[in-house]
Amino acid sequence: MTPRTIAIDGPAGAGKSTIGALVAERLGYLFLDTGAMYRAVTLAAQRRGIDPDDGPTLTKLAREVRVNIGPPTVRDGRAYTVLLDGEDVTWAIREPEIDRIVSQVARVPYVRDAMVEQQRALAERGRLVMVGRDIGTVVLPKADLKVFLTASAAERAKRREEELRARGQVRPRQELLQEILRRDRLDSERAVAPLRAADDAIIVQTDGLSVGQALERVFAVLTRADAREGPAPHGGQASRS
Ligand code: CDP
C-alpha cells in the first residue's frame, strides 16, 4: 500500500518544496508546503510594522489573518497559490526580507499552534505530502512515511543562489550561506517544535544530486515503504549511496 500521508522535513534550501511537489504530482496527492504558511504570517507582520520578536502582538495577528494555500491560479511557474486574507501573495512571501525574519515569527508558540491546527485539518483525508520542519515530529507524528531531506549548507546556498537567479534575482552566495546558517540555528534551537529528524524518519542526503536524482532517491524509499505495507520502521535509516 502506498503511504497515504508523507511527511518531508529538512533545513532551508534542502529541496523539500521542489521534491515534495513532484512526489505529490506523481502520486496524485495534495501538496502542502507549510513554510509558505509561516511566510504569509510573516508578510502580514511586516506590512503592519510588527516587531518579529514581539510574541504577544504576533499571537494576536495569527488569530486574525487568514492564510490559504491552494492549486496554482496563474501559470507563472508557481507550484501553488498562497492567499493572505484573500490577496495573492505567492511571490511576495519569497522576498529576502521575509527570508530574514520568518524564523523569528515561526518560533512564537501560538503562531505555530494556529498553523498546525490548519495543517492537521488538511491532512485528515490523507493522500497528501506535507513539507516543513516539524511535520514528522509534531504535526503528523503518525505519518505513514517520514523523510528528512538534507544537504550541506554550502550545497544549499548554491541551490538557493541558482533558484533566485532563475527568478531574475542576483544575490551573493556568501550572503545566502550566512542567512541559511542563521535560519538553521534559529529553527533548530527554538523551544517549540525545533527542526530535527523524527526518530523514525529516513534520512536522504542530497549533496551532489540533481533534482531528478533526489526524486528517485525519495521514490526508492517510498517503494521500500510500499513493500513493507506498513508505517516506516523505527530507528532512523540512512540512505546515502
Ligand atoms: O524554502 P525554505 O526551506 O527556505 O523555507 P520554508 O520551508 O519556506 O520555511 C521558512 C521558515 O518557516 C523556516 O525557516 C522556519 O522558520 C519556518 N517553518 C517552520 O517553523 N515550520 C515549518 N513546518 C515550516 C517552516
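Note that this is a predicted model, so its numbers are computed, not measured. Residues take numbers from 1 onward in each chain, read along the sequence in its written order. For a predicted model such as this one, the threshold for reporting local features is a pLDDT of at least 70, and the threshold for listing and counting side-chain atom pairs is 80 or more; totals across whole chains, interfaces and linings nevertheless cover every residue. Heavy atoms from the whole structure form the basis of all side-chain values; hydrogens and water molecules are not counted.

Draft legend 1. Looking closely at empty space enclosed by the protein. Both cavities and pockets are sets of points on a 1 Å grid over the protein atoms alone; in a cavity a 1.4 Å probe fits but cannot get out, in a pocket the set is open with protein on both sides within 12 Å along at least five of seven lines, and lining residues sit with an atom within 4 Å of a point. Grid points are joined across faces, edges and corners, and a volume is the space filled by probe spheres set on the points. Going through the model one piece at a time under the given rule, you end up with two cavities of 30 Å³ or more. What the largest cavity holds in volume is close to 40 Å³. Every residue along the wall of the largest cavity is listed here: Arg39, Arg94, Asp99, Arg160, Glu163, Leu164 and Arg167. Ranked by the residues each element gives to the lining of the largest cavity, the list is headed by helix α7 (residues 153–166), at three residues. Only Asp, Glu, Lys and Arg are considered charged in this grouping, and only Ala, Val, Leu, Ile, Met, Phe, Trp, Tyr, Cys and Pro are considered nonpolar; every other residue, Gly among them, is considered polar. A class-by-class count of the residues in the lining of the largest cavity yields one nonpolar, no polar and six charged. Taken together, Asp9, Gly136, Lys146, Val147, Phe148, Arg196, Ala197, Ala198 and Ala201 form the lining of the second largest cavity. Helix and strand assignments follow DSSP, with helices taken as H or I runs no shorter than four residues and strands as E runs no shorter than two, numbered in order from the N terminus. Counting residues per element, the lining of the second largest cavity draws most heavily on strand β7 (residues 145–150), which supplies three residues. Tallied by class, the residues present in the lining of the second largest cavity amount to five nonpolar, one polar and three charged.

Draft legend 2. Here's a closer look at the site of the ligand. Proximity is defined per residue: any heavy atom of the residue falling within 4 Å of a molecule or strand makes that residue near it. In the region of the ligand, 20 residues are neighbours, and Arg39, Arg112, Arg183, Asp187 and Arg190 sit closest. Under the rule applied, a polar contact is a pair of N or O atoms within 3.5 Å (in protein, one hydrogen donor and one hydrogen acceptor; residues adjacent in sequence only if both atoms are side-chain atoms). Measuring from an oxygen atom of the ligand, one finds a backbone N or O atom of Gly13 at 3.3 Å. One nitrogen or oxygen atom from the side chain of Arg190 is found 2.8 Å from an oxygen atom belonging to the ligand. Here the open area of atoms and residues is found with the Shrake-Rupley method and a 1.4 Å probe, where only the protein chains shown may cover a residue. When the ligand sits alone it has 530 Å² of accessible area, and the protein chains cover 98% of it. Looking at the shell around the ligand, the elements that each hand over two or more residues are α2 (34–47), α4 (96–105) and α8 (173–189). Among the elements that take part in the shell around the ligand, α2 stands out by supplying four residues, more than any other. For the shell around the ligand, the per-class residue count stands at five nonpolar, five polar and 10 charged.

Draft legend 3. Expanded view of the sheet that holds strand β5 (residues 87–88). Taken together, the three strands give an open sheet; going across it, the order is β3-β4-β5, and neighbouring strands pair in antiparallel fashion. Strands at the two margins of the open sheet, each flanked by one partner only, are β3 (67–70) and β5. Any two strands are treated as partners once DSSP identifies two or more bridges connecting them. Both β3 and strand β4 (residues 81–84) contribute to a ladder of four bridges, which runs antiparallel. Looking at the pairing, Val67 lines up with Leu84 of β4. Across the face of the sheet, α2 comes into contact with β3, β4 and β5 while running at roughly 40° to β4. We call two residues in contact whenever any of their non-hydrogen atoms come within 4.5 Å of each other. Each axis is a line fitted through C-alpha atoms, taken for helices only over the stretch in contact, and angles between the N-to-C directions span 0 to 180 degrees.

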